[in-house]
Amino acid sequence: MSIDPRDLAASRDASIADAARADDLAAAAGEPGDSGENGASADTARRTAAVAAAMAIRGRRKWAPPKQAKPGAPLLEVRDLKTWFSLESGTVHAVDGVSFRLDYGEALGIVGESGCGKTTTALSIVRILPRNGRIAGGEVNLMGIDLVKKSENQLRRYRWREVSIVFQGAMNALNPVRRVVDQIAEPIEQRLGESKATSRARARELLELVGIPRQRGAAYPHELSGGMRQRAMIAMALACDPAIVIGDEPTTALDVMVQAQILELLEDLRHKLGLSLILITHDLSVVAETCDRVLIMYAGRVAEEGPVGEVFRRPRHPYTQKLLAAFPNIRADRRTLDVIPGSPPDLRTPPPGCRFAPRCPFAMAVCHDVVPPEVTFGSVRVACHLYPPGSDGHQVTTAPPNAIGPSVPLVEAPPDLPPIEVPPA
Amino acid sequence: MSDTDRAGRTESGAAGRDLYRIEGLEVHFTIRGGLFDTILRRQTGVVRAVDGIDLTLRRGEVLALVGESGSGKTTTGRVIVKLTQQTAGRLTFDGHDVSTLWGTSALRDYRRRIQLIFQDPYETLNPKHTIHDFVMEPLVVNGIGAASEREQRVLEALEAAGLRPAADFAFRYPHELSGGQRQRVVIAGALVMNPELIVADEPVSMLDVSIRTELLRLMLDLRAERGLTYLFITHDLSLAWVIADRIAVMYLGKIMEIGPAERVIRSPHNPYTQALVSVAPSPDPPTAGERARRTILVGETPDAAHVPTGCRFHPRCPYAFDRCRVEEPPLFDIGDGQQAACWLVEGGRELPVVQVRTTDQGTVVPGSATPAGATT
């Protein structure tokens, strides 16, 4: 289970070669971004190659799946997950039938607005829910083991060791009165049963791995900058060499340049350690930069899921289209932000049909009554009545795709701005 | 206030165009050490939060002040609204020197004309006060209007901020509103004073994408209707790109580059701006070429108590050469209203295309002055 930086140097070169092979395989199978059969097979080839590469890296570190794991099972497969919260005023259906898969070495982004259930989905995987929350149905299969059926005690075996979480506010998640190195050593000591000295030595190695000099491990959290604290959080998440790291808004509170550093670090670690990542964020650009696949959630359900390039370049679900058009994009034209009118539904009493229907510019009668089934087109999955089963996945409305609703410029030229006058330098 | 009133106050010429002018602004905070240092008033260091900037806000424009934490952008905003006193520098508002204007009564008219919007609507609003009371408060404090006129103005401000019908919202409490509605209440609280200039400090950073757009549009609509001028303070270059007419980029208390938004984003002439633009996140998945051109600066902004010599960006700059270490570059004119502080663009030269120097990130001590470089 140990991570030796020297092994890493070697495994990094190997992983680059593996990744290159994955690209070749994918290229041979067809251009990524194509829809239909071709896109699906390219996606499958890419995933197969990525799994092989990640397994190879993990194999070199003598990583073994838990004993009960079923050979050949996908790393993580969530099926029809339902997580509900009981309030005095009713039951909140925060996550209501969410399914997705995560392979070895893959990075999945879960995106949506506040309250869409993205964090709840991730926390349900290792069941760290608030007291009033419970998993009301579905399966969470980790390497073929259904974690929903495990007792609280049995589940402890999987937290940290197989799945760990990096939270958003590093200052709140770290203990302010303990040295950073001790906090990272703790899970190694407790979960893996290592001696104090070994645990500390490994903690220092981990700090180095995430770009913190060994001697800085003696610092207390308040002595570190925001970026350094987030690096320490990542080191802690890696303490027991998990197969999956979940990042819950890991870069939200950070400056742009520090965010770029942290995202680069995560990307680097993924290739070095054969990690799988689940990135929960409201920031579409973070997903575009770092993830292979994206899961767009709306009001507790999956709206659309697929490879990042495919979904972002050719969004099918009206919500995805709106979300992308509402996001400020430095590479696009100025002031063409779109507005999504209305607000998400109350999840105590969600609308009976499609949950986006009340805000959707394309809503038809059926949308208000019938829940749209999830339909797969090539490598993309969409839940929208515009794409019924058996259709070709092209939007069946007259409006051109990607331009739903008038994309009104926020404002034209500023009113009567005088000619720009340059003061002497 | 009506337009004639405003016009009456405005003088002709440059003062009419320039609503607010900052010249040579410096804000230094002194650090005192332990108890003894405090008693003896011994100064142990100086934080140069804002270290000599010139900035002009033109009437009716949106100027985005962009920078990372510690760049001095918020301090600059606080000086304008007179929450922080400047160490040095001249402030001119609407043709009048307001540098030495202090004290509650002297600032009464000034504060009416310049309003501030904070980032967090949850903290700005008092949970025990109704929306009506919050928006009314500045009128009461400043003794503006009779009771009935105040009521009228409160309702008008709420309507203008998009809370319609205003009477429905007026007697609600903050917890009954959504995040977007709360920020609209904060905007209404600023509007009720009929300001000319609004300093908005990260006004939409806490909000979801869909709500954010509505508020940005509201702010721009209000500018068109009321001729407002905005200083929009943000760390998010993409947001500045969307909303601002001009962008000023700050680093460690200095303006590194300023100019029309298109010029600064599409053709940055300062290496720091160039790096910021290259890492600015975009929902378009990056191509391999774009990935390769990205300049991720190593380390973090040094703290403002230890500003590097010469160009303050030189320890992290991929192009730094000898002159940068000893001499601080002034803002050079690039043309089209763009100015950049970098020796490389002196005399109208272009910035070189990013050359990549790989540094082993594992050995770099973030925050330290050396080694400098860029990784991709």
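Residues numbered from 1 in each chain as written. Chains lettered and ligands numbered in written order. Predicted model: local features only at pLDDT ≥ 70, side-chain atom pairs only at ≥ 80, totals over all residues.

(A) Molecular detail of the domain arrangement of chain A. All names here are of chain A. When cut into domains, chain A gives domain 1 (5–60), domain 2 (76–294) and domain 3 (302–383). Here the C-alpha centroids of domain 2 and domain 3 sit 27 Å apart. Facing 18 residues of domain 2, the contacting portion of domain 3 comprises 14 residues. Counting residues per element, the ones that place at least two in the side of domain 2 that touches domain 3 are strand 2 (90–102), helix 10 (284–290) and strand 9 (293–298). (Domains from an automatic or database assignment. Contact = placed C-beta atoms within 7 Å. Helix = DSSP H or I, 4+ residues; strand = E, 2+ residues; numbered from the N terminus.)

(B) Fine view of the interface of chain A and chain B. At the junction of the two partners, chain A supplies 50 residues and chain B supplies 50 residues. Elements that contribute at least two residues to the side of chain A that touches chain B include exactly helix 8 (226–237), helix 9 (256–273), helix 10, helix 11 (308–313) and helix 12 (318–325) of chain A. Residues of the side of chain A that touches chain B, tallied by class, amount to 29 nonpolar, 10 polar and 11 charged. (Nonpolar A, V, L, I, M, F, W, Y, C, P; charged D, E, K, R; others polar.)

(C) Region of interest: the confidence of the model for chain B. Residue and element names in this part refer to chain B. Predicted confidence across chain B gives a mean pLDDT of 83, with 88% of residues reaching 70 or more. Throughout residues 1–15 the model reports pLDDT below 50, and contacts reaching past four residues in sequence, or to other chains, amount to 10 contacts. Under a pLDDT of 50 for its full length, residues 355–376 has, in the predicted model, 51 contacts with residues more than four places off or in other chains. Among the scores for the predicted complex, ipTM is 0.79 and pTM is 0.82. (pLDDT = per-residue confidence, 0-100.)

(D) Spatial organisation of the sheet that holds strand 8 (residues 229–234) of chain B. Residues and elements named next belong to chain B. Sheet architecture is open: eight strands sit in the order 6-7-8-3-9-10-13-12, paired in mixed fashion. Single-partner strands in this sheet number two, and they are strand 6 (114–117) and strand 12 (332–335). When the angles between neighbouring strand axes are averaged without regard to direction, this sheet yields 20°. Relative to the sheet, helix 4 (residues 73–80) contacts strand 3 (62–66), strand 6, strand 7 (197–201), strand 8 and strand 9 (246–251), its axis offset from that of strand 8 by approximately 150°. (Pairing = 2+ DSSP bridges. Axes fitted to C-alpha atoms, helices over the stretch in contact; angles between N-to-C directions.)

(E) Quick look at the pairing of strand 12 (residues 380–383) of chain A. All names here are of chain A. Side chains V380 and V382 project from strand 12 onto one buried face, and the interleaved R381 and A383 project onto a second face that is buried too. Bridging between strand 11 (residues 374–377) and strand 12 involves four bridges; their strand directions are antiparallel. For V375, the partnering residue across the bridge sits in strand 12 and is V382. Connecting the antiparallel pair strand 11 and strand 12 is a turn made up of two residues, with G378 showing a positive phi of about 60°. (Buried ≥ 20, exposed ≤ 12 C-beta atoms within 10 Å, placed from the backbone.)

(F) Broad picture of the sheet that holds strand 2 of chain A. Residue and element names in this part refer to chain A. Overall, antiparallel pairing links the four strands, which are arranged 2-1-4-5 in an open sheet. The open sheet has two edge strands, strand 2 and strand 5 (145–146), and neither has a second partner. Sheet topology places strand 4 (residues 133–142) next to strand 5; two bridges connect them, and they run antiparallel. Pairing of L142 across the sheet is with I145, part of strand 5. Where helix 3 (residues 118–125) meets the sheet, it contacts strand 1 (76–87), strand 2 and strand 4, and its direction lies at approximately 70° from that of strand 2.

(G) Quick peek at helix 6 (residues 180–192) of chain A. All names here are of chain A. An ideal rise of 1.5 Å per residue puts 18 Å on 13 residues; helix 6 measures up with 19 Å between its terminal C-alpha atoms. For helix 6, the set of buried residues is V180, V181, Q183, I184, A185, P187 and I188. Residues of helix 6 that are buried sit in contact with helix 7 (196–209) and helix 8. Directly beyond the C-terminal end of helix 6, a positive phi value near 65° is found at G193. (Expected span 1.5 Å × (residues − 1).)

(H) Summary view of the domain arrangement of chain B. Residues and elements named next belong to chain B. Domain parsing of chain B yields domain 1 (3–244) and domain 2 (269–375). At the junction of the two partners, domain 1 supplies 12 residues and domain 2 supplies nine residues. Breaking the side of domain 1 that touches domain 2 down by element, the ones donating at least two residues are strand 2 (45–58) and helix 12 (237–243). Considering every element that reaches the side of domain 1 that touches domain 2, the biggest residue donor is strand 2, with six residues. Considered class by class, the residues forming the side of domain 1 that touches domain 2 number five nonpolar, four polar and three charged.

(I) Fine view of the nonpolar core. Grouped together as the largest cluster of nonpolar side chains are 217 residues, with contacts concentrated most on L158, A188, F232, A240 and V249 of chain B. The element that contributes the greatest number of residues to this core is helix 9 of chain A, accounting for nine residues. Not counting residues up to four positions away in its chain, the partners in contact with V249 of chain B are V66, G67, I255, M256, E257, V264, N270, Y272, T273 and L276 of chain B. (Core = buried A, V, L, I, M, F, W, Y, C linked by C-beta atoms within 7 Å.)

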